[in-house]
Amino acid sequence: MKLKLLIFLCLLLFLIIPPSWGQEDATMENPADTLSIPPPAPVTNLRANDVDNDHGHAIEVRWTKSVDDGAGLNNVFGYVVYRALSPEGPFEERGRVPIGEEYYNDVGSKEKESIAYMPDYTNYFYKIRTLTSDSTIFRDTGVLGPVYSYGQWFNKARIPVLIFVAGFLIVTLFFISKAKSGADLFVRQLAGIEAVDEAIGRATEMGKPILYVLGLGTASEIATIASFTILGRVAKKVAEYQTGLIVPCYDPIVMTVAQETVKASYMDAGRPDSYNDDMVYFVTQSQFAYVAAVNGTMLRELPATNIYMGKFFAESLILAETGALAGSIQIAGTDEIAQIPFFVVACDYTLIGEELYAASAYLGREPILLGSLKAQDYAKAAVIFIAIIGFITVNFGWTGFTQLFEVPNSFFSQLFGGPS
Amino acid sequence: MANSRRISQIILAAVIILFAVSWIIKYFALQNEGVDTWFSIRDAFFITFAAFLTLAIMSFLYKDNPYYKFAEHLFVGVSAAYWMCVGFWSTFVGNFIPKVSHTLARFFEVPPKDIEITYFIPLILGIMLLLRLSSKIGWVSRWSLAFIVGTTAGLNLIRYLRTDFISQVSNTFIPLLVDWGGVGPFFSSFSLSASGQFVMSLANWMIFIGVFSGLIYFFFSKEHKGFFGGASKVGIWVLMITFGASFGYTVMGRVSLLVGRLTFLFQDWLGLIS
């Protein structure tokens, strides 16, 4: 009886115990809570220096990872890089690094208005915090500094580029001097170029104008510069034959250069009075508005010949198909890989990629252009030779030669970290 | 002649009436959706006008006509004016004025920045370029043009040499036999999967042959005869196959643009698609 009463009282006691007591008991009874994470060993050999071969605003921080990172206590969760303008602080977090890593690139912006602005020649102080899974348990290194960032005038990582530029320059100057001395530099025939004279003659016979489209590039684009030379050649022929010439332009600067080119060609042909500024005119800098205007011109003026030379984008097929609709003979040339298929399909002759640059040399026969074309060919031969050597060395596992051609982009190596 | 003029007038009247009716119907449709009266009138007009311009441009597929001419001239005029305004407010006012004059920056209500003397150089070059409008001293603009063309060509030289030349050369240093461990392992682990040894080796051979034959095709200093001519023919085949693939891929993108325009006509304008 007494036993039963005792059991009843125990049960009653259990019923009136508040719930929080149970939780406290559970917490207290959790065996994991009886263990606390010991603080890890800090990183060692902390060092920081300016990132080399850049324009400044970046500091490279390196260290030897904690002995408890993957070994020892094995309680390292990661690292945090802190920076301050004085050894006493205040320190701001600059980035987090996973376990196993031993470097961090502290990259800032060069723009004063930017939040991430990091001026050069400013002393910075760094420390590294070694974290555990418990954010309240960590270990800091001592403060390292001062260290400042600055830009380099010479990017040593781009020495291979300098060697190529110097070599190419020497070869170019050699062939230019050879061309100027009267040597006959052979350039093989290109069908599209041969057709230009024939197309101009056709336009003259039909009494219709020639439409020349310089493309959507700016005056600094290589394809547009090559197009200017071809335009000069076409304009000279047009001036001699007294044919009409229409040059609608997308870019105002291109229009200005084109006007100068055509005017000079007319003067060379002895017909300065035939030149009219309205031949070369600005349309608009909107891609499809420009195309709409050129299409309208094609169907109203009905040119006998359409010449598309320069940089083209999505409008290439629209132009070429409308020209075909108008019954014009069409010659195109561009270095835009994506647009060449459309020109190949819709035009009578197409200059692919570098043939556009060769066309300007072939038509003009100027020593400077011919000399640079020959130098380019020798550069291609050098590429073939280097590629063969590269193939052989790679297939035999010799990496020394291939490493010479790994020219890093210092901007991206700064942004994504890693050794520059 | 008189007949064709009459027909043109009838067509014009029909177009005006049709689009006026469309405007009114669209207005009521927007009203039913709960849009305010004024906004209904405005939005219905813009949608109807956009549909008219779309169809006017597409009428070019039939032949050149006054409606296409109207749409073309409107497009050219508006775009030229728009880009001029964008160029003035974003480049000149947004980027240039705050760095040369705080007074002007306050006038245009843009935040002033630290004065940079170097910004006066493009100002002078720009004024020189505008002198082209004068027949007497227009020659001054050639100096600006020379600066623009020469500087960007010089800067691009290094950029293109690194990205289009040296990096491309570096990327052609590839093994012709990937993970080669001998003939036995090659056949024992043979598979046609994309990451398999056979397919990757075949891909590297294709790159090797394509790069060399393509380079030979663009060689201008030698006639394409004999072995050289044969390699050049392989090069042009590689190029044309690549262009064909690029053509098909790009055409798919262009069709999607057409789908977008048709969606506007059938959904936003006519309301036939929900």
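Residues numbered from 1 in each chain as written. Chains lettered and ligands numbered in written order. Predicted model: local features only at pLDDT ≥ 70, side-chain atom pairs only at ≥ 80, totals over all residues.

## Some thoughts on the overall build of chain A
Here is the rule we go by: A run of H or I in DSSP becomes a helix once it reaches four residues, and a run of E becomes a strand once it reaches two; helices and strands are each numbered from the N terminus. Three exposure classes are used. Buried residues have 20 or more other C-beta atoms within 10 Å of their own C-beta, exposed residues have 12 or fewer, and partly exposed residues fall in between, all C-beta atoms being placed from the backbone.
The secondary structure content of chain A amounts to 13 helices and 14 strands. For chain A, buried positions account for 39% of its 420 residues.

## Quick look at the sheet that holds strand S14 (residues 349–352) of chain A
Residue and element names in this part refer to chain A. Defined as follows: Only when DSSP finds a minimum of two bridges between them are two strands counted as paired. For helices, the fitted line uses only the C-alpha atoms of the stretch in contact; every axis is such a line through C-alpha atoms, and the angle between N-to-C directions lies from 0 to 180 degrees.
Spatially, 6 strands are ordered S11-S10-S9-S12-S13-S14 in an open sheet, and the strand pairing comes out parallel. The open sheet has two edge strands with one neighbour each: strand S11 (280–282) and S14. Taking each pair of neighbouring strands and ignoring which way they run, the sheet shows an average axis angle of 15°. Bridge count between strand S9 (residues 210–215) and strand S12 (residues 305–311): 5 bridges; the pairing is parallel. When the bridges of S12 are listed, Tyr 212 appears paired with Ile 307.

## What to know about the domain arrangement of chain A
Test applied: For the domains described, the bounds stem from an automatic or database domain assignment.
When cut into domains, chain A gives domain 1 (44–147), domain 2 (185–365) and domain 3 (380–413). For domain 2 of chain A versus domain 3 of chain A, the separation of C-alpha centres amounts to 39 Å.

## Brief notes about the sheet that holds strand S5 (residues 103–107) of chain A
All names here are of chain A. Taking strand neighbours across the sheet as the criterion, the 3 strands line up as S1-S2-S5 in an open arrangement whose pairing is antiparallel. Of all strands in the sheet, those with a lone pairing partner are strand S1 (44–50) and S5, marking the two edges. For this sheet the average axis-to-axis angle between neighbouring strands, irrespective of direction, equals 15°. Where S1 meets strand S2 (residues 58–64), 5 bridges bridge the pair, whose relative direction is antiparallel. Bridging from a neighbouring strand, Ala 48 pairs with Val 61 of S2.

## Considerations on unusual backbone geometry
Most peptide bonds take the trans configuration, and most residues that are not glycine carry a negative phi. Residues and elements named next belong to chain A. With an omega of 0°, the peptide bond running from Gly 89 to Pro 90 counts as cis. Examined against the element boundaries, Pro 90 turns out to sit in the loop between strand S3 (78–84) and strand S4 (92–97). Positive phi values are uncommon outside glycine, yet Asn 74 reaches one of about 50°. Topologically, Asn 74 is positioned in the loop between S2 and S3. Positive phi outside glycine occurs at Leu 302, with the angle close to 50°. Looking at the secondary structure, you find Leu 302 in the loop between helix H7 (287–301) and S12.

## Remarks on the interface of chain B and chain A
Keep this limit in mind: Contacts here follow a simple rule: the backbone-placed C-beta atoms of the two residues must lie within 7 Å. Residue polarity is assigned by list, with Asp, Glu, Lys and Arg as charged and Ala, Val, Leu, Ile, Met, Phe, Trp, Tyr, Cys and Pro as nonpolar; anything else, Gly included, falls into the polar class.
The interface of chain B with chain A comprises 48 residues on the first partner and 54 residues on the second. Of all the secondary structure elements, the ones that give two or more residues to the side of chain B that touches chain A are helix H3 (66–96), helix H6 (141–171), helix H8 (197–217) and helix H9 (226–269) of chain B. Split by residue class, the side of chain B that touches chain A holds 28 nonpolar, 11 polar and 9 charged.

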